[in-house]
Structures are given as C-alpha cells and as structure tokens.
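# An overview of the molecular structure
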Amino acid sequence: MQHVSNDMKFSILIPTWNNLDFLKLCVRSIERNSAYSHQIIIYVNDGSDGTLDWVKARGYDYVHSPENVGVCLALNSLRPLAKAEYICYMNDDMYVCPLWDKYLCDEIRRIGTKMFFLSATLIQPRPFYCKSVIAPANYGESVGSFQEERLLREYSSLPHADWFGATWPPNVVHRDIWDLVGGYSIELSPGMYSDPDFAAKLWLVGVRLFKGLSACRVYHFEARSTSRIRKNKGSAQFLMKYGITSSSFMKYVLRRGEPFDAGEVGRVDAAMVKANLLRSKLKRVLYVFKDLMARKIWEA
C-alpha cells in the first residue's frame, strides 16, 4: 500500500512471549496496511523460539528479558524508547486492517487536545461478551488457518458503530498522558485487569473521552498467552484500589460497548454507580475477611 506520509505517527509497543509466527504477521500487517510510518518497539520475553534473533535481524527497537515479566512491566520498559508523540499498545496476535492508523490520526486531529483514549474495534473469531467487539467473525484462529484475503474483502462491511469505553488494545494515548499516570501498573503483573486499571487512572486525571473507532478495525486471533501464566487476582486488586468493581466501572462509568454519542461524553450513570459503590464496599470486606482467614490457616 502506498504511504501518504513519511512522518512517524505512533510508537507501537508490542510485548511478545515466544509467539513468533503471530508476531511476524502482526508486524507485516502494520508495515503493509498502514497509511503512515510508525516506530515499532518490541518487548521480547524469553525469545528462545527465534523471536529475539528475528527482532535483532529486522532492526526493530527492542528490550529483552530472559523470562516472561508480564504485560505491565514490558510496556513500561518500552516507553523510554518511544520517539513518537503518540503511544500505541498492540498485542502480538493482532492483524491491523488497511488504513487503521489514518482513522486514528484523523480522530486525534478532530479532538484537538491530549485528553483522550482511543481504541480500535476488534474483530474476533469466537463469541464475545462485550458489544464493542465484532464477534463471532471467524477468519482463522491461527496463522496457518488465517483467511487474510477474505478478511481484506469483508472487514469494512461488517456492521458496527463507534462505541464508548475504550480500553482494549490496540489503543492510543498521548505520551504526556501516559507519563502523567505512570504507564501500566506493575503491581498488576503479569497483567490481568491492567486494561481497566489504566483507563481508571486516565479517568482520575481528567480524561473523559474514551472512544472506540468503528472504522479502525483490527483482527484479533485471541491466541491466549494467559493459559501459560500464573494469573494475578486482578479483579480483587482493582476493587481494593478504586473502591468499585471493574465491571461496575466499565458498565456505569465508561459505559463500554454502548453506541458513542458526543453529547454524552463524560456522563456516568450516577444512581447505578452509587448503588454499586455500596455493593463494592461489601465485597471489599469479604475479600479482606477471606484473606485473613487464609493467612490464619497457613500460620496455624
């Protein structure tokens, strides 16, 4: 695809963990389907499957760890290498559709401030609980079964609209806002609930525009690395940190998945938030009680 500009727009941060075939496809899609040039920065966890050698050979900026450090630390470690004004976080099992970046850049120009958080609209092969995602729309669940040409013919015709509640990667934020909230929270390593946590931190510093762009589409294979890790208790951590459950924050504050309406930006369902704050307090007490009981059992 012919590039419309040589200006570097995004620093794209990609954590990867021995997922070379998906990583190659992800990077190829960025290089072939982008309207602008971007800086690609890769965090290589382990990399013994050939990832580290491939990244070095291709000359991408990278950070390497001999073991998996999780998403949060990986992203924060890549930040000092970022040269562009805007930071884009992307997973290695994603394939960006044509002009994905142009739609984001056009939206950023329309917004005219740094106080925003934008997400692409994901296309996923399996049924999914959130209305922000186009699913099920199966164009393959592996690199070998990927129906690239069919996706390229059909992706733009799949019905969807802009939506509230941007959290999912690929997402874009101004580097100053990233730095203001300190990036991703490493206490949530390896990364469960790090997406809503990052959004909550943005909300606390005054960001109110959390928008998913329908025109910006990205196929997500859902190649779940989470099955290979010991998960953090992200739900409980979010609750203890913010005093509200992640699900309540997403549903009643960010209103994730609801059709976007510019006149409704920043409006929260105050009555439901108040009701869920009470429920959340009870859940916090329950979590503390369970933790104390568990400690007593281990100390006995």
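What you see is a predicted model, and the numbers here were worked out from it, not measured in a lab.

### A look at helix 9 (residues 246-254)
- Of all nine residues that make up helix 9, seven are buried, and the element is covered over most of its length.
- Within helix 9 the residues assigned to the buried category are Ser246, Ser248, Phe249, Met250, Tyr252, Val253 and Leu254.
- At the exit of helix 9 stands Arg255, carrying a positive phi of roughly 55°.

### Observations regarding the pattern of salt bridges
- Applying the stated criterion to the full structure yields 17 salt bridges.
- Among the salt bridges present, the one from Asp106 reaches Arg109, with a minimum N-O distance of 2.4 Å. Of this pair, Asp106 and Arg109 are both found in helix 4 (residues 100-111), three residues apart, which corresponds to roughly one turn of the helix.
- Accessibility expressed as a relative area gives 17% for Asp106, which makes it buried.
- One salt bridge in this structure joins Glu264 and Arg255, with 3.6 Å as the shortest N-O distance.
- The exposure class of Glu264 is partly exposed, given its relative accessible area of 24%.
- Judged by relative accessible area, which is 7%, Arg255 ranks as buried.
- A network of salt bridges, in which partner residues are shared, links Glu107, Arg110, Asp162 and Lys211.

### Observations regarding the environment of Asn45
- Relative to the elements of secondary structure, Asn45 occurs in strand 2 (residues 37-45).
- Using a relative accessible area of 2% as the deciding quantity, one classes Asn45 as buried.
- Expressed as a C-alpha distance, the spacing of Asn45 and Ala223, which sit 178 residues apart in the sequence, is 16 Å.
- If we skip the residues at most four places from it in the chain, Asn45 touches Thr16, Trp17, Asn18, Ser65, Glu67, Asn68, Val69 and Gly70.

### Side note on a nonpolar patch on the surface
- On the surface, a nonpolar cluster with roughly 360 Å² of combined accessible area is contributed by Met115, Leu180, Leu204 and Val205.
- Inspection of the secondary structure puts Val205 in the loop between helix 7 (194-204) and strand 9 (209-220).
- On the basis of relative accessibility, which here comes to 32%, the residue Val205 falls in the partly exposed class.

### Examining the side chain of Ser214
- Mapped onto the elements, Ser214 comes out in strand 9.
- Here Ser214 falls in the buried class, since its relative accessible area comes to 8%.
- When near neighbours in sequence (up to four residues on either side) are disregarded, Ser214 contacts Thr121, His160, Ala161 and Asp162.

### Side note on the confidence of the model for the protein chain
- Residues of the protein chain with pLDDT of at least 70 account for 93%, and the chain-wide mean is 92.
- Taken as a whole, residues 1-5 scores under 50 in pLDDT and shows 15 contacts with residues more than four places along the chain or in a different chain.

Each value, and the rule that gives it
- Residues numbered from 1 in each chain as written.
- Predicted model: local features only at pLDDT ≥ 70, side-chain atom pairs only at ≥ 80, totals over all residues.
- Heavy atoms only, no water.
- Buried < 20%, exposed > 50% of the residue type's maximum accessible area, 1.4 Å probe, protein only.
- Helix = DSSP H or I, 4+ residues; strand = E, 2+ residues; numbered from the N terminus.
- Salt bridge = Lys/Arg side-chain N within 4 Å of Asp/Glu carboxyl O.
- Contact = heavy atoms within 4.5 Å.
- Patch = residues over 30% accessible without salt bridge, like charges linked within 9 Å, V, L, I, M, F, W, Y side chains within 5 Å.
- Areas by Shrake-Rupley, 256 points an atom, 1.4 Å probe, with all protein chains shown as cover.
- pLDDT = per-residue confidence, 0-100.

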